[in-house]
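Take a look at the letters that make up each chain.
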Amino acid sequence: MTKVDRRVVKTKEAIKKAILELMNEKNFDEITIQDISDRANVNRSTVYLHYLDKFDLLDKLIEDHINELKEKNEWACQEEWGDATQIFFEYFRNHYLFFSTMLTSKEAAPSFRSKFLKYVMEGFKEELHNTNGKNEGLNEDVIIKFAANAYVGVLESWLKDGMPSPPQSIARELGTLLDRIL
């Protein structure tokens, strides 16, 4: 296994944080690599060393979070709905800047929301087959879309409102509702 250079990790984190902060201040189209490098306190060439352009940076940032969520999904889905949902909402809280930016930004929101929704729907599709017939006679696609859109909608609202309740509380309520649906 290759040893990870901590300086590279620290630099990439600074660059990712810079683009998120800038996206909260101005339109994505107006953000330049110079803006990102200035905010991250690195040279422009350093940004280009790691990313092709700002679109590549945003794509990789989204991909990183989706992959982390998929890893959490591996073991979280062995839990009850409330506990599993709490694991994810704690992750959302810990990465508030990313998720609040991605779900509220006019430019990023549609792209991210569709990728995120697809990820949630895939997870719910797996769970739907373990419902012991509670949704017998209902269209699976409708159930999955309903549950996934509700989940993402609650998350968006929670983030937009500044996380008014702790992850445990929102997760318990959402977990109860998901248990009734799925």
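Thresholds applied
- Residues numbered from 1 in each chain as written.
- Predicted model: local features only at pLDDT ≥ 70, side-chain atom pairs only at ≥ 80, totals over all residues.
- Heavy atoms only, no water.
- Axes fitted to C-alpha atoms, helices over the stretch in contact; angles between N-to-C directions.
- Helix = DSSP H or I, 4+ residues; strand = E, 2+ residues; numbered from the N terminus.
- Parallel < 35°, antiparallel > 145°, perpendicular 65-115°, else oblique.
- Left-handed = near helix turned anticlockwise from the far one by under 90°.
- Contact = heavy atoms within 4.5 Å.
- Nonpolar A, V, L, I, M, F, W, Y, C, P; charged D, E, K, R; others polar.
- Patch = residues over 30% accessible without salt bridge, like charges linked within 9 Å, V, L, I, M, F, W, Y side chains within 5 Å.
- Areas by Shrake-Rupley, 256 points an atom, 1.4 Å probe, with all protein chains shown as cover.
- Salt bridge = Lys/Arg side-chain N within 4 Å of Asp/Glu carboxyl O.
- Lys, Arg positive; Asp, Glu negative; His and termini not counted.
- Charge placed at Lys NZ, Arg CZ, Asp CG, Glu CD.
- pLDDT = per-residue confidence, 0-100.
- Buried < 20%, exposed > 50% of the residue type's maximum accessible area, 1.4 Å probe, protein only.
- Core = buried A, V, L, I, M, F, W, Y, C linked by side-chain atoms within 4.5 Å.

A closer look at the packing of helix H6 (residues 96-104) against helix H8 (residues 140-160)
Packing of H6 against H8 brings their axes to within 10 Å, and their N-to-C directions diverge by 110°. Taken together, the axes of H6 and H8 lie roughly perpendicular to each other. In terms of crossing hand, the pair formed by H6 and H8 is left-handed. Each of Tyr96, Phe99, Ser100, Leu103 and Thr104 in H6 lies in contact with H8, whose residues at this interface are Leu155, Glu156, Leu159 and Lys160. For the contact of H6 with H8, the residue count by class is five nonpolar, two polar and two charged.

Focus on a negative patch on the surface
A cluster of acidic side chains, namely Glu68, Glu71, Glu74, Glu122 and Glu126, defines a negative patch on the protein surface. Broken down by secondary-structure element, the contributors of at least two residues to the negative patch are helix H4 (54-76) and helix H7 (108-128). Of the residues forming the negative patch, the biggest block, three residues, is contributed by H4. For Glu74, the position within the fold is in helix H4.

Examining the confidence of the model for the chain
Of all residues in the chain, 94% have pLDDT values of 70 or greater, and the mean over the chain is 89. The least confident element of the chain is H7, whose mean pLDDT is 84; the most confident is helix H2 (residues 33-40), at 97.

Some points on the pattern of salt bridges
One pass over the full model with this rule turns up ten salt bridges. Notably, a salt bridge pairs Glu21 with Lys17, separated by 3.5 Å at the nearest N-O pair. With a gap of four residues between them, Glu21 and Lys17 both fall in helix H1 (residues 6-25), about one helical turn apart. Its salt-bridge partner being Asp59, residue Lys115 comes within 4.0 Å of it at the nearest N-O pair. Of this pair, Lys115 sits in helix H7 while Asp59 sits in helix H4; the two residues are 56 residues apart in sequence, bridging distant segments of the chain. Lys115 gets classed as partly exposed once you look at its relative accessible area, which sits at 37%. Among the charged side chains, a salt-bridge network with shared partners connects Lys17, Glu21, Glu25 and Arg39.

Some remarks on the environment of Asp35
Relative to the elements of secondary structure, Asp35 occurs in helix H2. Residues Asp35 and Thr2, spaced 33 residues apart in sequence, show a C-alpha to C-alpha distance of 32 Å. Those residues in contact with Asp35 that sit more than four places away from it in its chain are Leu22, Lys26 and Glu30.

Let's talk about the nonpolar core
Ranked by internal contacts, the top residues of the largest apolar core, which has 49 residues, are Ile36, Phe92, Phe99, Phe112, Phe116, Phe124 and Tyr151. Looking at this core, the elements with two or more residues in it are H1, H2, H4, helix H5 (81-94), H6, H7, H8 and helix H9 (167-181). With residues up to four places along the chain from it excluded, the contact list for Tyr151 reads Thr85, Phe88, Phe89, Phe92, Val120, Phe124, Leu174 and Leu178.

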